[in-house]
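So you can see what is in the structure, the chains are spelled out below.
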Amino acid sequence: QNRDSAIVHTMESYLNVRRLDVGVRQTFMPGELHLSLPDEVYYHPVIKELEDLVVDLVMLDNVSRLELFPLTSSAVFGPLSTILQDIASYNREQARGDVHNILFVAMDQHNTDFDGAMAWVVDFHKKIETRFHDTLTRVPSFGPQVDAQLQEYIDLLSNWPRGNYCWNFEGGRYFGSKGLEYQRTRLVPLLPKRIPQIPTTDYKLVQVQLID
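Read on for a plain summary of the structure.

## Here's the deal with unusual backbone geometry
Here is step 1 of the chain: The phi dihedral of N111 is positive, around 50 degrees, even though this residue is not glycine.
Here is step 2 of the chain: You can see N111 is positioned in the loop between α6 (102-109) and α7 (114-136).
Here is step 3 of the chain: One non-glycine residue, R186, adopts positive backbone phi at about 65 degrees.
Here is step 4 of the chain: Within the secondary structure, R186 is located in the loop between α9 (179-185) and β2 (188-189).
Here is step 5 of the chain: Note on R186: relative accessible area 19%, which makes it buried.

Dropping the structure here:
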């Protein structure tokens, strides 16, 4: 509904929606099914805070070194050192006029251009990354047996952003068959703007946007 209505959120409202629709939290469950973490451990506020921060890190996904490369919004989308979910999907979304993306929100709310929005997201990620490392130091001990299982669960949480980073380049959803090339060159050619499609139920008239 937000996409179809071209709603531009405030940053706060966008993040609240995105934290739910990014679909990360649901994937924690398979990683702890084989464990026997007591409720007082699994639902401990510090552990829940780590989960919340991982959701944000995946949503923003490893952009902490992006500023090492000059940012440009002219002929290419990038360069990219590390990538976040919304940056990965930005190329496709800008082509179809979809503003449900943190870069569009940052440009609108902070009255800046593409480069300014990218820099804002990089800084935002750094703050969340720092909070994650600080929160790790506050994980309490529950005894040797439980601590070993809890460490395994925390390792799962910690590895999730890196796995998502790899998937962005290797999965084909955002970069087609060029993902590994873009990962190496840090340059992503902008897709041309697509002419808005008239809603139709005729499958023969549906436009399918190809990344390659």
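## Remarks on the pattern of salt bridges
Here is step 1 of the chain: One pass over the full model with this rule turns up eight salt bridges.
Here is step 2 of the chain: Across the salt bridge formed by R18 and D21, the nearest N and O atoms sit 2.8 Å from each other. Residue R18 and its partner D21 are located together in helix α2 (residues 11-21), separated by three residues, close to a single helical turn.
Here is step 3 of the chain: A relative accessible area of 41% means that D21 is categorised as partly exposed.
Here is step 4 of the chain: A salt bridge links D123 to K127; its shortest N-O distance comes to 3.3 Å. Separated by four residues within a single helix, D123 and K127 lie in helix α7, roughly one turn from each other.

## Focus on the nonpolar core
Here is step 1 of the chain: Ranked by internal contacts, the top residues of the largest apolar core, which has 40 residues, are L15, F28, L37, I102, L103, M107 and Y153.
Here is step 2 of the chain: The element that contributes the greatest number of residues to this core is helix α4 (residues 45-60), accounting for nine residues.
Here is step 3 of the chain: Excluding anything up to four places from it in sequence, M107 contacts Y90, T112, D113, F114 and A117.
Here is step 4 of the chain: Listed in part, the seven residues of the second largest apolar core include Y165, F175, Y182 and V188.

## Points about the packing of aromatic side chains
Here is step 1 of the chain: All told, the structure shown has seven aromatic pairs when counted by the stated rule.
Here is step 2 of the chain: Look at Y42 and Y153: their rings are 5.8 Å apart centre to centre, the planes differ by 50 degrees, and that puts the pair in the tilted class. You can see Y42 sitting in helix α3 (residues 39-42) and its partner Y153 sitting in helix α8 (residues 144-170), a full 111 residues away along the chain. With respect to burial, Y42 and Y153 carry one shared label: buried.
Here is step 3 of the chain: A centroid spacing of 5.3 Å and a plane angle of 80 degrees characterise the contact between Y165 and F169, whose relative ring orientation is edge-to-face. One end of the pair, Y165, and the other, F169, are both in helix α8, four residues apart, so they sit about a helical turn from each other.
Here is step 4 of the chain: For Y165, a relative accessible area of 5% gives the class buried.
Here is step 5 of the chain: What links up through ring pairs into an aromatic cluster is the set Y165, F169, F175 and Y182.
Here is step 6 of the chain: Stacked on the ring of Y42, the Lys or Arg K48 has its end atom at 3.9 Å from the ring centre.

## Points about the side chain of T135
Here is step 1 of the chain: Examined against the element boundaries, T135 turns out to sit in helix α7.
Here is step 2 of the chain: T135 gets classed as buried once you look at its relative accessible area, which sits at 1%.

## Topic: α7
Here is step 1 of the chain: Between its first and last C-alpha, α7 extends 33 Å over 23 residues, near the 33 Å set by a 1.5 Å rise per residue.
Here is step 2 of the chain: Turning to α7, its buried residues number three or more, namely F114, A117, M118, V121, V122, F124, H125, I128, F132 and T135.

## Some words on the side chain of E93
Here is step 1 of the chain: Tracing the chain through its elements places E93 in helix α5 (residues 85-95).
Here is step 2 of the chain: Within polar-contact distance, the side chain of E93 engages the side chain of N101 at 2.6 Å.

Definitions and cut-offs
Residues numbered from 1 in each chain as written. Predicted model: local features only at pLDDT ≥ 70, side-chain atom pairs only at ≥ 80, totals over all residues. Heavy atoms only, no water. Helix = DSSP H or I, 4+ residues; strand = E, 2+ residues; numbered from the N terminus. Buried < 20%, exposed > 50% of the residue type's maximum accessible area, 1.4 Å probe, protein only. Salt bridge = Lys/Arg side-chain N within 4 Å of Asp/Glu carboxyl O. Core = buried A, V, L, I, M, F, W, Y, C linked by side-chain atoms within 4.5 Å. Contact = heavy atoms within 4.5 Å. Phe/Tyr/Trp six-rings, centres within 6.5 Å; stacked < 30°, edge-to-face > 60°. Lys NZ or Arg CZ within 6 Å of the ring centre and 35° of its normal. Expected span 1.5 Å × (residues − 1). Polar contact = N/O pair within 3.5 Å; in protein donor to acceptor, adjacent residues only side chain to side chain.

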